[in-house]
Amino acid sequence: MKLSYKDKFLPTQPEHCKFFEGDSDALSASMYNLVAKYSALEVPTDEFVISPSKEFTIEEMGSNPVLLRLLEFLVGLKQPRRVLEIGTFIGISALYMARALPPDGILVTIEKYDRFAEIAEQNFAQNVAGKKIHLLRGDAFDVLGKFKVEQPFDMIFIDGDKERYGDYFSLVDPMLAPDALVIVDDVFFHGDALNPTPSTAKGKGTQLFLEKARLTGGYLKSLLPVGNGVMLLLKRP
Ligand SMILES: C[S@@+](CC[C@H](N)C(=O)[O-])C[C@H]1O[C@@H](n2cnc3c(N)ncnc32)[C@H](O)[C@@H]1O
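First, a word on scope: everything that follows refers to the structure included in this document.

Rules behind the numbers
- Counting from 1, residues in each chain are numbered in the order their sequence is written.
- Predicted model: local features are reported for residues with pLDDT of at least 70 only, side-chain atom pairs are reported and counted for 80 or more only, and whole-chain, interface and lining totals are derived from all residues.
- To obtain the side-chain values, all non-hydrogen atoms of the structure were included, while hydrogens and water were left out.
- For two strands to count as paired, DSSP must find a minimum of two bridges between them.
- Here a strand is any run of E in DSSP of at least two residues, a helix any run of H or I of at least four, and the numbering for each starts at the N terminus.
- Under this scheme, a helix contributes an axis fitted over its contacting stretch, all axes are lines through C-alpha atoms, and angles between N-to-C directions fall in the 0 to 180 degree range.
- Contact definition: two residues touch when any of their heavy atoms are within 4.5 Å.
- Partly exposed residues are those whose accessible area sits between 20% and 50% of the maximum for their type, while under 20% is buried and over 50% is exposed, using a 1.4 Å probe and protein chains only.
- In this scheme the handedness of a crossing depends on how the near helix is turned from the far one: anticlockwise by less than a right angle means left-handed, clockwise means right-handed.
- Put simply, Ala, Val, Leu, Ile, Met, Phe, Trp, Tyr, Cys and Pro go in the nonpolar bin, Asp, Glu, Lys and Arg in the charged bin, and everything else, Gly too, in the polar bin.
- Crossover handedness is defined here as right-handed if the route from the first strand over the helix to the second strand goes clockwise, with the strands pointing away from the viewer.
- We call a residue near a given molecule or strand whenever any one of its heavy atoms falls within 4 Å of it.
- The term polar contact refers here to a pair of N or O atoms within 3.5 Å; inside protein, the definition further demands a hydrogen-donor-capable atom paired with an acceptor-capable atom, and it admits residues adjacent in sequence only when both atoms are side-chain atoms.
- Surface accessibility in these figures is a Shrake-Rupley result with a 1.4 Å probe; residues are shielded only by whichever protein chains are displayed.

Across the sheet, which stays open at both edges, the 7 strands sit in the order 3-2-1-4-5-7-6 with mixed pairing between neighbours. Each edge of the open sheet carries a strand with a single partner, namely strand 3 (133-137) and strand 6 (219-224). For this sheet the average axis-to-axis angle between neighbouring strands, irrespective of direction, equals 15 degrees. In the packing of helix 6 (residues 114-125) onto the sheet, contacts are made with strand 2 (106-111) and strand 3, and the angle to strand 3 comes to roughly 165 degrees. Those strands touched by helix 9 (residues 201-215) are strand 5 (176-185), strand 6 and strand 7 (230-235), and its axis lies near 25 degrees from that of strand 7.

Right, let's talk about unusual backbone geometry for a bit. Positive phi outside glycine occurs at Phe 189, with the angle close to 40 degrees. Position of Phe 189 relative to the elements: it lies in the loop between strand 5 and helix 9. Even without being glycine, His 190 reaches a positive phi, approximately 55 degrees. As for its position among the elements, His 190 is in the loop between strand 5 and helix 9. The class for His 190 is exposed, based on a relative accessible area of 62%.

A separate point is the packing of helix 4 (residues 65-78) against helix 5 (residues 92-99). Their axes nearest at 7 Å, the elements helix 4 and helix 5 cross at an angle of 30 degrees. Crossing hand, helix 4 versus helix 5: right-handed. Seen from helix 4, the contacting residues are Leu 68, Arg 69, Leu 71, Glu 72 and Val 75; seen from helix 5, they are Ile 92, Ser 93, Tyr 96, Met 97 and Arg 99. Tallied by class, residues from the contact of helix 4 with helix 5 come to 6 nonpolar, 1 polar and 3 charged.

What follows concerns the pairing of strand 3. In this structure, strand 2 lies alongside strand 3, joined through 5 bridges in parallel fashion. Paired with Val 108 across the strands is His 134, a residue of strand 3. A crossover connection joins strand 2 to the parallel strand 3 through helix 6; in handedness this β-α-β unit is right-handed.

With that out of the way, let us pick up the site of the ligand. Around the ligand, 23 residues are found, and the nearest of them are Ser 63, Ser 93, Glu 111, Ala 140 and Asp 159. Here an oxygen atom of the ligand and a side-chain polar atom of Ser 63 are 2.6 Å apart. Here the ligand loses 93% of its free accessible area of 610 Å² to cover by the protein chains.

All quantities given are derived from atomic positions and should not be read as evidence of function.
Dropping the structure here:
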C-alpha cells in the first residue's frame, strides 16, 4: 500500500463529513491540504536535506508534517535547553525540534537500530539544525537506565517502542525539570487502544500508558485527537 501524509491525518473527525460535499477519501485529502496551506507545511524533504531509509518511507515510519510542525511550535514556545527524544528513525522529528531550540539548547535522541542511526547521523550532518543533536545508539530502556542526569530535561518526545511507553514514562519522570513538557505520539495506535482489549502488543502498550498517565498526579494533561493520537503532559512544579 502506498501511504501519503493525509492517510495519517485526523482520521478521528468524521463529523466533518456533515457539510463536506465529497466522499470520505476526498475529505481527508482536502483537510490535509487546508491545514498544510494555512500552517505553511512542506513535506520534510522540502524543509531539510534528508537521506531516506530504503526499508521504510517517511510516511510509514516518521511523524506526519502536522505533528512535526506542532513539535517545532512547542519547542519554539517553551524554549527548552534540554530535549530528549526516544525513537529517532532517520532523524526527522529531531531536526524539526532542533531547529526551534534556543542558541544554547541541545536535543538528545535515542535509536535502537544502527541502520536507522547511521542515516540519522548523516541527516544531522547535512543540516544546520543537526549540530544541536546528540544521538545515542541502543535500546532506550538500557541507555536511560545508565543515563547520568547532570541537568534535567525540559521536554521529552516519546516515539519509540509502543509496548513500553508506560515504562518510559516512569523511567524519565525523575529526569524531568519541574515544568517539563512530555509529548507522546501514537497513543491511539491506529484505533487498537480504543478497544476494551487491544489486539496488538503495541495497542496494549499505549492503552497501559494512557491508564498510567491518567493515574499519575502532578501533570496537566491534554490528549489531542490529531493523527494517531498525541498526549501532552505538562509537569506542575
Ligand atoms: C515511529 S519511529 C520514530 C520516528 C521519528 N521520531 C520521527 O518522527 O521522525 C520509531 C523509532 O523507534 C525506534 N525504536 C524502537 N524500539 C526502540 C528502543 N527500544 N529503543 C530506542 N529506539 C527504538 C525504531 O527503530 C524507530 O526508528
